[in-house]
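# Examining the three-dimensional arrangement
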Amino acid sequence: MKFVIIFFLLTGASFAKERLGEGKKNTDAEIFTDFKAIKEVLENDQLSNNAQKIEKGRVTQRDKKLDKEIKTYSIPGDDQFWNFISELWVVKNVSKLKWNFEKPDYGLDEYFANFMQDLGYYEVKFKILLLDTSLVTHFSLPSNNREAFFLLSVPFIRVMDLTKLEISILLLEDYMRGKLDQFKNKVVHKDLKSLLGKNFYKKKLDMKIFNGVLDKYNKVVFESGFNFEEQFAVTKQMQGMLHGKLKHFQAYMKLLGKMSSLVKRNLLYKDYNKIYPSPDLQLSWLKPAKKVP
Amino acid sequence: MKKILVLLLLFPSFSYGQVHYLYYKNIFGHLHQSPSSYAGSLKTLSCGDRVRLIQDKSGTITEYSKFSWSKVKYGPNEGYIRSGFLEQKRPSCFQVKYSKFFNKFKVELNDVFSWGRLYDQFVMGSSQVR
């Protein structure tokens, strides 16, 4: 009897095991063959969305890097180009201009600032580069907006024994030339304006244009200077500016007289009239016309 | 006590006072041996170069004035730069902003040296509104 019960128990257990095995096999088969269900589950897990986000992030990073690279090919605009090119020219001509020398403090910074304030020129930044040569007497080089860049020869001011007021008037005259763009108009290249403020990424930048500007600086400063028309324009501007200030106007007349005398008696400055024609003519333009009685 | 020691280790600057860094603002410049525009150059600087303002033992800032010279440390060198040529924040530098354009001009080493000298030679000013 016992053996029969054990026999039935064993056969029952094995039968149940088989039945279980079959069910499990069927469940596995359902899972492994039904990929669509799995795919839907995965999709619902936002994995593809995440992958897209990562890819988008990579593209944005790449674009930012490219944008940064493109910006390095920018050309400065008119407001920043001129100060740079003037400084570059001055640096390249250090041996001719002789600006790297030890000199006393003439107190020009404070005096000229006050002088400009008196005339109503406010918030004008200036830098004066003193030169130890008579080759270049005085100039205003192009600079950024509301900034002035002056060259001033120490031997020139010493030989005429100019006062601070006379020096300031001389600088003011150069400042007027700058406001009239007289120097800039002589050195600007016809293609330069179209380049300033642009970008030359994947393009060839024609350096002949910029080197041409530097060459023209040489020509204006050392050879050609300004013409009579330009001198007349600036003299009339000065007359208008100083007309109400008798002391300043008299100092301007005296300055022109000193320069006229210097040009006539000093061989070192015989070519001054080539650059700034001519102090005598300027005096005649400033003097009132004689009335016929 | 232990907490204070840990804090001191983590933030060493607090143990001596704040370290001040300044940035050079012109295109090029020089670190001078003494506070004079004509003093010898220890090192050439470029725009954006960071220098450390030297402090005295009491931890207060010394020789820093907008109208004078600042004693600074640049790398291993200690020297002087005009205070007006230094800024608290990193400036916008021409040769960085327009780097490819600037490089086209082939500025040589002696040009860099001269350009640095140029700023020491300028007589600079500005007319003000009263």
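Scroll up a little and you will see the structure.
Residues numbered from 1 in each chain as written. Chains lettered and ligands numbered in written order. Predicted model: local features only at pLDDT ≥ 70, side-chain atom pairs only at ≥ 80, totals over all residues. Heavy atoms only, no water.

### Some thoughts on the packing of helix α4 (residues 78-92) of chain A against helix α11 (residues 207-224) of chain A
In helix packing, the relevant descriptors are the interaxial angle and the interaxial distance, both defined with respect to the helix axes. All names here are of chain A. Cut-off, in case you're wondering: Lines fitted to the C-alpha atoms define the axes, with helices restricted to the stretch that makes contact. Angles between their N-to-C directions range from 0 to 180 degrees. Secondary structure is summarised from DSSP: a helix means a run of H or I of at least four residues, a strand means a run of E of at least two, and numbering begins at the N terminus for each. By convention the crossing between two helices is left-handed if the near helix lies anticlockwise of the far one by an angle smaller than a right angle, and right-handed if it lies clockwise. In what follows, residue pairs with any heavy atoms lying within 4.5 Å of each other are defined as contacts. Residue polarity is assigned by list, with Asp, Glu, Lys and Arg as charged and Ala, Val, Leu, Ile, Met, Phe, Trp, Tyr, Cys and Pro as nonpolar; anything else, Gly included, falls into the polar class.
The geometry of α4 relative to α11 is characterised by a closest axis approach of 11 Å and an angle of 65° between their N-to-C directions. As α4 runs across α11, the sense of the crossing is right-handed. Note on element contacts: α11 touches α4 through Phe-210, Val-213, Leu-214, Tyr-217, Asn-218, Val-221 and Phe-222, opposite Phe-81, Trp-82, Ile-85, Ser-86, Leu-88 and Trp-89. Split into classes, the residues belonging to the contact of α4 with α11 amount to 11 nonpolar, two polar and no charged.

### What to know about the packing of aromatic side chains
Our working definition: Here the aromatic set is Phe, Tyr and Trp, taking the six-membered ring for Trp, and pairing holds for ring centres within 6.5 Å; pairs whose planes are under 30 degrees apart are stacked, those over 60 apart are edge-to-face, and all others are tilted. The cut-offs for exposure are 20% and 50% of the maximum accessible area for each residue type, with area from a 1.4 Å probe on protein chains only; residues under the lower value are buried, those over the upper are exposed, and the others partly exposed.
As enumerated under the stated definition, the model contains 36 aromatic pairs over all chains in all. Between Phe84(A) and Phe94(B), the aromatic rings sit 4.6 Å apart at their centres with planes inclined by 20°, giving stacked as the arrangement. Placement of the pair is Phe84(A) in helix α4 and Phe94(B) in helix α3 (residues 94-97), with the two residues belonging to separate chains. On the basis of relative accessible area, Phe84(A) is assigned to the buried category, the value being 2%. Their ring planes at 40° and their centres at 5.9 Å tell us that Trp89(A) and Phe222(A) sit as a pair that is tilted. With a gap of 133 residues between them, Trp89(A) in helix α4 and Phe222(A) in helix α11 connect regions that are remote in the sequence.

### Considering helix α5 (residues 109-121) of chain B
All names here are of chain B. Condition: Working rule for helices: expected span equals 1.5 Å times residues minus one.
The terminal C-alpha atoms of α5, which comprises 13 residues, lie 19 Å apart, in line with the 18 Å expected from a rise of 1.5 Å per residue. Counting buried positions over the 13 residues of α5 gives 10, a clear majority of the element. Considered for burial, the residues of α5 that qualify are Asp-111, Val-112, Ser-114, Trp-115, Gly-116, Arg-117, Leu-118, Tyr-119, Asp-120 and Gln-121.

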